[in-house]
Structure formats: structure tokens, C-alpha cells
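Residues per chain, in single letters:
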Amino acid sequence: MAFDVDRVLAGDLRAAAALMRALDDELPGAHEALREIYPHGGRAFVVGITGSPGVGKSTLVDALITAIRARGERVAVVAIDPTSPFSGGALLGDRVRMQRHATDDGVFIRSLATRGQQGGLSRSTSAAVAVLDAAGFPVIFVETVGAGQAEVDVADATDAVVVVTAPGLGDEVQALKAGLLEIADVLIVNKGDREGADRALADLTNMLALGARAAPALLRTVASSGEGVAEVVAALQALRGRPIAERDARRRRQAARQVLAIAGERARDRARAAIGSENAPGPLAAIIQDVAARTLDPWSAADALSKV
Ligand SMILES: Nc1nc2c(ncn2[C@@H]2O[C@H](COP(=O)(O)OP(=O)(O)OP(=O)(O)O)[C@@H](O)[C@H]2O)c(=O)[nH]1
Ligand SMILES: [Mg+2]
């Protein structure tokens, strides 16, 4: 199937959406189209919004959309539904929460499932961002949820990271554990109207003072009322205005990690295909038998697989 690359590059939302769906489903021709549009990207300011389930990420993104649209810029959102037991309703929730922007041509919202990939963002996420970037969206938000690797990986796919916490979840401590403070460019205590917000801010201020790196901006918001959102927008604008050399250095580090991650993923896929499954044993199933029987060591087995 051929995709209308020119229409995507011209910012046609339907063409962009069709390509994203095709990439998601790995349809023939989709990857070729991505290859063609990829060099046209790189202009967007891509912002990760991450934090524990239910802290108000989507509500905040919704408020940010409003602020950015008021400035006249187009904005896209890729929201990742972790299909976790904690926020199984995220997909529907995002739709409902951001519904008021649905009729605005300058706003594009796409929800993606992670499809159970271990650690990290779904492959579709980077592809969707690449398409939206090439389609000319100057600002792209990537909302990720979950506890663990995905939050940290979002730093590898974005120009800046907003970490959202809320009082009462013990989040401030969790954030530290997950290394979230390390990746935060902007740290937000949302639900600032709730009891415990002052305490959370004080705790985070103390933690940041102990950190070695330059502290992120620490802000308090009430995303549901819009309070504090202007300050978030200002903080993001400041990050957007960072020297190009700084941005490019970050992107070079990301490119290296991205290529390695994909190479690793592909090698694993190939190995799996070679080994086969219990139902459909492949030609190298015997190798696995040998490892299990300890007549072969796993390192030699991996060497053998990499030569398949
Ligand atoms: N009191 C209060 N409630 C808020 C605030 N921001 C969001 N909420 C509410 O918190 C709930 C969760 O908000 P979401 O925006 O869906 O949170 P989320 O982090 O995107 O959730 P997941 O994507 O499921 O992880 C909703 O009921 C919101 O209305 C706030 O500042 N104050
Ligand atoms: Mg959400």
C-alpha cells in the first residue's frame, strides 16, 4: 500500500492518522513512508508528561492544549495507555477529558496501547511522534503512565520531561526511587487544592536541594481549574528556548540509545523466530533443549542464534 507522503508533510491530519495506524499494524508500505518523512522531522518541541496513575497528567495536558491554542500554535498529543489494572480506563478517560478539543483542527490526540512490550515506550510511540513532527506540529506531548522503566524511557524520546506528582500518594518518595527526579525538567505537584500539597512541595524542595544536578523547576498546579498552568507553559517555553547545541547533544545521545534498543529488539525477535514455539518448533529448538540439558552453555547458544 502506498501512503500519501506529500499530504502527511503538508499537515493533512487524515493522511497522518492513516499512516500512524498503518505503522501500528505494521502494514506493508508503512515503514517506507516513515523512512521518506523522517528527514522532514526534528522541528517539533517534544515534551514528555509522566507520573503515577491518576495524578492528573491528562487533565494537565488538556489545560496545556488550551494555553497553546490560545497562542495560535498547533499541538499534538500521544497518550500511552498502559493497559494496566490501575488505569485500564485511561483510553476512555483521555478521550473524555480532552473531548472539548476534538473539533479543533489544530489539535491532534492519539491514544496508543503499549501492547505489553517490556519496559519502555511502545514502538508505535516513536513512530507516531515522527509522523506528527513531519506533519508540522510544533509542539507534541507524550503522556506516559506506569511505574518503572517507561517513565525513564520517555526522557529518551523527548526534548523535555514534565514529571507530575500529587499529594497523598506517597508519590514524592516513589518519584525519587524511580529515578524520576533525574529526568525531570519540570516537576509538578498537581492537585494543589488537596490537603498535603504544601507538604509535598516542601519534601520535594528538600530532596532537590540534596541533588547534584541542576534542580528542575518545581511548580504547583490545580490542573482541573487551570491554576498554575501559565507557569508550566512559561517553564516549557524557557526549555524550548534552550540553545540548539544543547538540544542537539541530547538528541545525539537519544539517537544512539534508540538505535541500540531497536537493534536489540530485532535480534530478540529473530532469535525467537529461530527458536520457534512449543507449538511450532523452529530449526534451532534443539539448541534450547541442549541448554536446558546443560550439554550446551547459554553463551554459545546465543552466539549460534546470532549467526542465524
Ligand atoms: N482535586 C483535583 N483533582 C484533579 C486535579 N487534576 C486532575 N484531577 C482529577 O484527578 C483524576 C485523574 O485525572 P487524570 O487527568 O485522568 O489523571 P492521569 O494522570 O492522566 O491518569 P492516568 O492517565 O489514568 O494515569 C480525574 O478525576 C481528574 O478530574 C486537580 O488539580 N485537583
Ligand atoms: Mg491520563
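Below is a summary of the structure that appears in this document. Because the structure is predicted, anything quoted here is derived from the model rather than measured.

**Some words on the coordination of the magnesium ion (ligand 2)**
- Distances from the magnesium ion (ligand 2) to its protein donors, Ser58 (OG) and Glu143 (OE), fall within 2.1 to 2.2 Å. One end of the pair, Ser58, is in helix 4 (residues 57–70); the other, Glu143, is in strand 4 (residues 139–145), and 85 residues separate them in sequence.

**Observations concerning the environment of Tyr38**
- The topology assignment puts Tyr38 in the loop between helix 3 (30–37) and strand 1 (45–51).
- Sequence separation between Tyr38 and Val131 is 93 residues; the distance between their C-alpha atoms is 7.6 Å.
- Those residues in contact with Tyr38, other than ones at most four positions away along the chain, are Ala130 and Gln258.

**Remarks on the side chain of Glu143**
- Within the buried set, Glu143 has no salt-bridge partner at all; the shortest N-O distance to an opposite charge, 4.6 Å, is to Lys57.
- Polar side-chain contacts of Glu143 include one of 2.7 Å to the side chain of Ser58.

**As for the side chain of Asp133**
- Summarising the element assignment, Asp133 is placed in helix 6 (residues 123–134).
- Despite its burial, Asp133 remains without a salt bridge, the nearest opposite charge being carried by Arg43 at 5.0 Å.
- Among the polar contacts listed, one links the side chain of Asp133 to the backbone nitrogen of Arg43, at a separation of 3.3 Å.
- Those residues in contact with Asp133, other than ones at most four positions away along the chain, are Gly41, Gly42, Arg43, Ala44 and Ile140.

**Some points on helix 11 (residues 229–240)**
- Between the first and last C-alpha of helix 11 there are 16 Å, a value that for 12 residues agrees with the 16 Å anticipated at 1.5 Å per step.
- Those residues of helix 11 not exposed but buried are Val229, Val232, Val233, Ala235, Leu236 and Leu239. Down the axis, helix 11 shows its buried residues gathered within 160° of arc, on one side only. Exposed residues on helix 11 whose side chains face more than 90 degrees from its buried face are Ala230 and Ala238.
- Elements in contact with the buried residues of helix 11: strand 1, helix 4, strand 4, strand 5 (160–165), strand 6 (186–189) and strand 7 (217–220).

Cut-offs applied
Residues numbered from 1 in each chain as written. Chains lettered and ligands numbered in written order. Predicted model: local features only at pLDDT ≥ 70, side-chain atom pairs only at ≥ 80, totals over all residues. Heavy atoms only, no water. Donors = N, O, S within 2.8 Å, 3.2 Å for Na, K, Ca; no water. Helix = DSSP H or I, 4+ residues; strand = E, 2+ residues; numbered from the N terminus. Contact = heavy atoms within 4.5 Å. Buried < 20%, exposed > 50% of the residue type's maximum accessible area, 1.4 Å probe, protein only. Lys, Arg positive; Asp, Glu negative; His and termini not counted. Salt bridge = Lys/Arg side-chain N within 4 Å of Asp/Glu carboxyl O. Polar contact = N/O pair within 3.5 Å; in protein donor to acceptor, adjacent residues only side chain to side chain. Expected span 1.5 Å × (residues − 1). Arc of directions from axis to C-beta.

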